[in-house]
Structure formats: structure tokens, C-alpha cells
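# Residue-level structure breakdown
Okay, here's what each chain looks like letter by letter:
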Amino acid sequence: MRRSLVATAVAAALALAGCTNGGNSGTSATPTSGAASADAVAYMDKVCGAASEFAKIEKTAPKLDSTDSTKLKADMAAYMGQLADAFTKSAEGLKNVGPSPVAGGEEAVNKMAETFTSLGAVFADSKAKIEQADANNATGGLQAAGEAIAKLSELADPLRDLKGVPELQKATQTAPKCQEMQRLNVTPTS
């Protein structure tokens, strides 16, 4: 039970952290008529750069073949802490991208920052629960890891909050950092 929960948690985290290959990548459905302004592209380059920081932070997933439950617990707690730090760093970056050249852009980016902040807090809480749990109790701290990983569905499309800002959606098609997010397989096609 414990190993399957941990394996599922680690696989989901690695996929969303851009550490797996394959699958479809791209941005959300975007309008195709007309090009986005240079200011919108530059802004989205900053936004995507900040949002993708979580994928760049080194994270060491626990080795699932460990028969030492104490070591597995410690490794999982460290991993949850690394994810918490990564999401927090992205949230801070999003809060500092500056004013949007497009109406509604700042509100959308603030919502993105709130999502990253929330995920950072979830992983920090999971880390604390894992550290306090009995390593031999699969329903204890390791369950907290699974619950935290389940929250990653909130980040399935980190740019979803831009749906109401068509010019910024268009800008994601040409902004270099948004293209990098696609290569990292962070943003799914919708």
C-alpha cells in the first residue's frame, strides 16, 4: 500500500515538474486571428518564466525500492519540501512580473500566483505531516504526500487563468519562455 501510494505520488509530481517525456504539449486554446503586441509577448515571457521556475528547481524523488521505511519517510519529506520551495519560488516570481500591458492581465497573473502559493503551502504541510508520522504507518504521513500530489491537478494548465485575456493567450504562442514551458511539457494542449 505504502509503495503504491508513494509511486503514484512521485510519478504525478515528476510529470507535472516537467521531468517526463512524451504526451501532448502546447498552450491553452488561443485565438488565431492577428498577432499579439510586442508588449504582450514580453509580458508573457516574464509570466511563463516565473511560472516555469518550479520545473527547474532540483528535486530528488525518493527511491521507491528502499526497504528502509525510515529512510523512505525522510526522503519523501525532503521531496515534499523541495516541491513546496519550487512552487513558492514560482509564486514569488509571478507576483513580481510587473504591470500588464493588457487589461485583465494583472488579475489573471495574480490568480496564477495564488494557485502556486496554495500549492506551496499544501506541500509544506505535507512535509510536516510526513515528518511527524510513524514511518511504518502508510495511512500517516505518506498518505499526506498522496493528498498533496492530488492537489497538483490545480496546476494541470498553469496558464488557464489567461482564458479571459485573449491577447495574452495569443502572446503565449510566440513568447520564448512560454515555448520553453511547452518543451518542458508543463502546459497541456486543451
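Residues numbered from 1 in each chain as written. Predicted model: local features only at pLDDT ≥ 70, side-chain atom pairs only at ≥ 80, totals over all residues. Heavy atoms only, no water.

## Description of the environment of Phe-123
Of note, Phe-123 is situated in helix α5 (residues 105–132). Linking Phe-123 and Thr-88, residues 35 residues apart in sequence, is a C-alpha distance of 9.9 Å. Residue contacts for Phe-123: discarding those within four places in its chain leaves Met-80, Leu-83, Ala-84, Phe-87, Ala-148, Ile-149 and Leu-152. (Helix = DSSP H or I, 4+ residues; strand = E, 2+ residues; numbered from the N terminus. Contact = heavy atoms within 4.5 Å.)

## Digging into the side chain of Ser-52
Of note, Ser-52 is situated in the loop between α2 (38–51) and α3 (53–56). What makes Ser-52 buried here is its relative accessible area of 1%. Polar side-chain contacts of Ser-52 include one of 3.3 Å to the backbone oxygen of Gly-49. (Buried < 20%, exposed > 50% of the residue type's maximum accessible area, 1.4 Å probe, protein only. Polar contact = N/O pair within 3.5 Å; in protein donor to acceptor, adjacent residues only side chain to side chain.)

## Describing the packing of aromatic side chains
For the structure on display, the rule yields two aromatic pairs. Taking 5.9 Å as the distance between ring centres and 45 degrees as the angle between the ring planes, the aromatic pair formed by Phe-87 and Phe-116 counts as tilted. Pair noted here: Phe-87 is in helix α4 (residues 69–95) and Phe-116 is in helix α5, with a separation of 29 residues, a long-range link. Judged by its relative accessible area of 0%, Phe-116 is buried. (Phe/Tyr/Trp six-rings, centres within 6.5 Å; stacked < 30°, edge-to-face > 60°.)

## Side note on the side chain of Ser-90
When you line up the elements, Ser-90 lands in helix α4. Using a relative accessible area of 0% as the deciding quantity, one classes Ser-90 as buried. Contacts of Ser-90, omitting those with residues within four sequence positions, involve Ala-50, Ala-51, Ser-52, Glu-53, Phe-54 and Phe-116.

## Observations concerning the state of the cysteines
In this structure the tally under the stated criterion is one disulfide. Here Cys-48 engages in a disulfide with Cys-178; their sulfurs sit 2.0 Å apart. Where Cys-48 bonds to Cys-178 through sulfur, the torsion about that S-S bond is close to 80 degrees, and the disulfide is right-handed. Here Cys-48, found in helix α2, pairs with Cys-178, found in helix α8 (residues 176–183); they are 130 residues apart in sequence, far enough to count as distant. Judged by relative accessible area, Cys-178 falls into the buried class, the value being 1%. (Disulfide = S-S within 2.5 Å.)

## A short note on the packing of α2 against α4
Helices that pack against each other are described as a pair by the angle of their axes relative to one another and the distance between those axes. Across the interface, α2 lies against α4 with an axial gap of 7 Å and an inter-helix angle of 160 degrees. As summarised for this structure, α2 and α4 are arranged roughly antiparallel, according to the angle between their axes. Note that α2 runs across α4; the crossing there is right-handed. The residues of α4 that touch α2, namely those facing Val-47, Ala-50 and Ala-51, are Ser-90, Gly-93 and Leu-94. (Axes fitted to C-alpha atoms, helices over the stretch in contact; angles between N-to-C directions. Parallel < 35°, antiparallel > 145°, perpendicular 65-115°, else oblique. Left-handed = near helix turned anticlockwise from the far one by under 90°.)

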